[in-house]
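# Coordinates in review
Each chain, written out:
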Amino acid sequence: MTVIFKALVDLSHDERAAIWMIRYFAGPGRPCCRVGTGLSSGLFLKKDLDALGAAFRNALDRCSGLGAQLPDVRTRGSDQVSLSEMILLDAAAFAQSGDERRMHRALRRIFVQH
């Protein structure tokens, strides 16, 4: 069952960007991203995004391989935010604040096998 938690418009711009990135990492295809083209700092950002995306997709692949239920991540065009996406948003906020214990606790709600 899908639980819709919030509408995307209810979130701040930063939270919307984070949800978009989660959907980008989990979803099929790769949208055109023109972040910092041609600049060395832009290339560093692209490498970071690629590494983060690969890690996220690897986690989803491991879930599939273990038979675990995958998190409910919406498509990029969806106006609503699922409970799984909100948990991932909370985990990102905990990570940014340096609270690794709470980040792991939040992620365990989705990735129960870890």
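Rules used in this analysis
- Residues numbered from 1 in each chain as written.
- Predicted model: local features only at pLDDT ≥ 70, side-chain atom pairs only at ≥ 80, totals over all residues.
- Heavy atoms only, no water.
- Helix = DSSP H or I, 4+ residues; strand = E, 2+ residues; numbered from the N terminus.
- Buried < 20%, exposed > 50% of the residue type's maximum accessible area, 1.4 Å probe, protein only.
- Contact = heavy atoms within 4.5 Å.
- Areas by Shrake-Rupley, 256 points an atom, 1.4 Å probe, with all protein chains shown as cover.
- Axes fitted to C-alpha atoms, helices over the stretch in contact; angles between N-to-C directions.
- Parallel < 35°, antiparallel > 145°, perpendicular 65-115°, else oblique.
- Left-handed = near helix turned anticlockwise from the far one by under 90°.
- Salt bridge = Lys/Arg side-chain N within 4 Å of Asp/Glu carboxyl O.
- Phe/Tyr/Trp six-rings, centres within 6.5 Å; stacked < 30°, edge-to-face > 60°.
- Expected span 1.5 Å × (residues − 1).
- pLDDT = per-residue confidence, 0-100.

## Brief notes about the overall build of the protein chain
In terms of helices and strands, the protein chain carries 4 helices and 2 strands. Put simply, the protein chain runs from its N terminus to its C terminus through helices and strands in the order β-α-α-β-α-α. The proportion of buried residues among the 114 residues of the protein chain is 26%. The long-range share in the protein chain, meaning contacts at least 24 apart out of those at least 6 apart in sequence, stands at 63%. Carbon and sulfur atoms form 57% of the exposed surface of the protein chain, whose accessible area is close to 7,600 Å².

## As for the packing of helix 1 (residues 13-26) against helix 3 (residues 83-96)
Closest axis-to-axis distance for the helix 1/helix 3 pair is 10 Å, and the angle between their directions is 115°. The angle between helix 1 and helix 3 falls in the class roughly perpendicular. Considering only the axes of helix 1 and helix 3, their crossing is right-handed. Contacts between helix 1 and helix 3 pair E15, A18, I19, I22 and R23 from the former with E85, L88 and L89 from the latter.

## Focus on the pattern of salt bridges
Applying the stated criterion across every chain, the model contains 2 salt bridges. With its nearest N and O atoms 2.8 Å apart, the salt bridge here joins E85 to R23. Here E85, found in helix 3, pairs with R23, found in helix 1; they are 62 residues apart in sequence, far enough to count as distant. Classification of R23 as buried rests on a relative accessible area of 2%. Here D99 ties to R102 by a salt bridge, and the two come within 3.8 Å at their closest N and O atoms.

## Brief notes about the packing of aromatic side chains
Taken as a whole and assessed by the stated rule, the structure comprises 3 aromatic pairs. Look at Y24 and F25: their rings are 5.6 Å apart centre to centre, the planes differ by 50°, and that puts the pair in the tilted class. The same class applies to Y24 and to F25, which are both buried. Geometrically, the ring pair formed by F25 and F56 is tilted, given 6.2 Å between the ring centres and 40° between the ring planes.

## Examining the environment of V81
Within the secondary structure, V81 is located in strand 2 (residues 80-82). Sequence separation between V81 and L8 is 73 residues; the distance between their C-alpha atoms is 5.9 Å.

## A few points about helix 1
Helix length check: helix 1 (14 residues) gives 20 Å between terminal C-alpha atoms against 20 Å at 1.5 Å per residue, within 8%. I19, I22, R23, Y24 and F25 are the residues of helix 1 that are buried.

## A closer look at the confidence of the model for the protein chain
Mean pLDDT for the protein chain: 78, with 79% of residues reaching 70 or above. The element-level mean pLDDT for the protein chain is lowest in strand 1 (residues 4-7), coming to 70, with helix 4 (residues 100-108) highest at 93. In the predicted structure, residues 30-40 sits below a pLDDT of 50 and forms 11 contacts with residues beyond four places in sequence or in another chain.

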